[in-house]
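If you want the building blocks of each chain, they are given just below.
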Amino acid sequence: MKPYQRQFLEAALTCEALRFGEFTLKSGRTSPYFFNAGRFDHGCALDTIGRCYAAALAEDGLAFDMLFGPAYKGLPLATALSVALWRDQGRDVPVAFNRKEAKDHGEGGTLIGAPPNGRVLIVDDVITAGTAIRESVALIRQAGGEPCGVVIALDRQERGQGDLSAADEVRRSLGLPVVAVAGLDDLLAFMDVREDLAAQRAAVADYRSRFGC
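Residues numbered from 1 in each chain as written. Predicted model: local features only at pLDDT ≥ 70, side-chain atom pairs only at ≥ 80, totals over all residues. Heavy atoms only, no water.

Here we take up the overall build of the protein chain. Counting its secondary structure elements, the protein chain contains 7 helices and 8 strands. A globule of 213 residues ought to have a C-alpha radius of gyration of about 17 Å, and the protein chain, at 17 Å, matches this closely. For the C-alpha atoms alone, the extent of the protein chain along its principal axes is close to 55 × 40 × 30 Å. When burial is assessed residue by residue, the protein chain has 46% of its 213 residues classed as buried. If you take every contact in the protein chain between residues at least 6 apart in sequence, the share linking residues at least 24 apart comes to 70%. A total of about 10200 Å² of accessible surface is found on the protein chain, and carbon and sulfur atoms cover 50% of it. Averaged over its 24 positive side-chain charges, the protein chain has a centre that lies 2 Å from the centre of its 28 negative ones. (Helix = DSSP H or I, 4+ residues; strand = E, 2+ residues; numbered from the N terminus. Rg over C-alpha atoms; globule rule 2.2 N^0.38 Å. Buried < 20%, exposed > 50% of the residue type's maximum accessible area, 1.4 Å probe, protein only. Contact = heavy atoms within 4.5 Å. Areas by Shrake-Rupley, 256 points an atom, 1.4 Å probe, with all protein chains shown as cover. Lys, Arg positive; Asp, Glu negative; His and termini not counted. Charge placed at Lys NZ, Arg CZ, Asp CG, Glu CD.)

What follows is the structure in structure tokens.
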């Protein structure tokens, strides 16, 4: 496991973005773990997640010119990544977001921040059905940018409607690379070295065997 993946999972546990128990997902499956990036809701946690996104992207080598954060969770995540890129790499990367509803007064429109231009990287927490990613792709292209990829915090690495994971479905249907800070395999490896998580590991491994890709 890479240092930034361990740092990410440690932070997710600390702020309870990562929890264990029984959780009913949108798919109807009962999952032994749940990830909610909305719990990265204070300065230290946002600083950590921004650094981890930046480290994952640096390792992958994906080229991009600006960031796009889908409403709503993508807004603070893209902002945290932009700050981390400036502080740690000296890259001053613009950020844009979308509104859920178009604004008909003031500056108007559906987008906030820098105008989409060049290679636009979509920043989100997870990919479930891929709906938010597809909507983001359409908005970016309408505004004159070109989507170049997606970066997410956690890849659940489980089957969607077919044999592919939600991330793989985005890769295939949209032709976009998807970079994840960590995946379910990394979570299991993390649980191997955490004695306090030993009791939950068997349930997570069983879930992986039944629904994993």
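On to the packing of aromatic side chains, then. For the structure on display, the rule yields 6 aromatic pairs. An angle of 70 degrees between the planes, with centres 5.8 Å apart, marks the rings of phenylalanine 8 and phenylalanine 35 as edge-to-face. Of this pair, phenylalanine 8 sits in helix 1 (residues 3–14) while phenylalanine 35 sits in strand 2 (residues 30–35); the two residues are 27 residues apart in sequence, bridging distant segments of the chain. Classification of phenylalanine 35 by relative accessible area gives buried; the value is 8%. Here tyrosine 207 and phenylalanine 211 contribute two aromatic rings whose centre-to-centre distance is 4.9 Å and whose plane-to-plane angle is 55 degrees, an arrangement assigned as tilted. Of the two residues, tyrosine 207 and phenylalanine 211 both sit in helix 7 (residues 198–211), 4 residues apart, roughly one turn of that helix. In this structure tyrosine 207 comes out as buried when scored by relative accessible area, which is 1%. When the ring centre of phenylalanine 64 is taken as origin, the NZ or CZ atom of arginine 91, which lies over that ring, is 4.5 Å away. Just above the ring of tyrosine 33 sits the side chain of arginine 156; from NZ or CZ to the centre is 4.2 Å. (Phe/Tyr/Trp six-rings, centres within 6.5 Å; stacked < 30°, edge-to-face > 60°. Lys NZ or Arg CZ within 6 Å of the ring centre and 35° of its normal.)

Turning to unusual backbone geometry, a few remarks are in order. Of the consecutive residues alanine 71 and tyrosine 72, the connecting peptide bond is found in the cis state with omega at 5 degrees. Positive phi values are uncommon outside glycine, yet glutamate 16 reaches one of about 65 degrees. One can find glutamate 16 in the loop between helix 1 and strand 1 (18–24).

It is worth spelling out the UniProt feature "binding site: orotate" (unreviewed entry) in the protein chain at this point. Summarizing the sequence annotation, UniProt attributes the feature "binding site: orotate" (unreviewed entry) to Phe34, Phe35, Thr128 and Arg156 in the numbering used throughout. The annotated residues occupy 123 residues of the chain but converge on a single region, no pair of C-alpha atoms lying more than 12.5 Å apart. The annotated residues contributing to the lining of the largest pocket are Phe34, Phe35, Thr128 and Arg156. In this structure phenylalanine 35 touches Phe8, Ala12, Ala17, Phe40, Asp125, Val126, Ala153 and Leu154, once residues within four positions along its chain are discounted. Topologically, arginine 156 is positioned in the loop between strand 7 (146–155) and helix 5 (166–174). Beyond its immediate chain neighbours, meaning those up to four positions away, arginine 156 contacts Leu25, Ser31, Tyr33, Leu184 and Tyr207. Reaching out from arginine 156, the side chain makes a polar contact with the side chain of serine 31 at a distance of 2.9 Å. (UniProt positions renumbered as here; feature names shortened; annotations may be inferred. 1 Å grid on protein atoms, 1.4 Å probe; cavity = no way out; pocket = protein on both sides within 12 Å on 5 of 7 lines; lining within 4 Å. Polar contact = N/O pair within 3.5 Å; in protein donor to acceptor, adjacent residues only side chain to side chain.)

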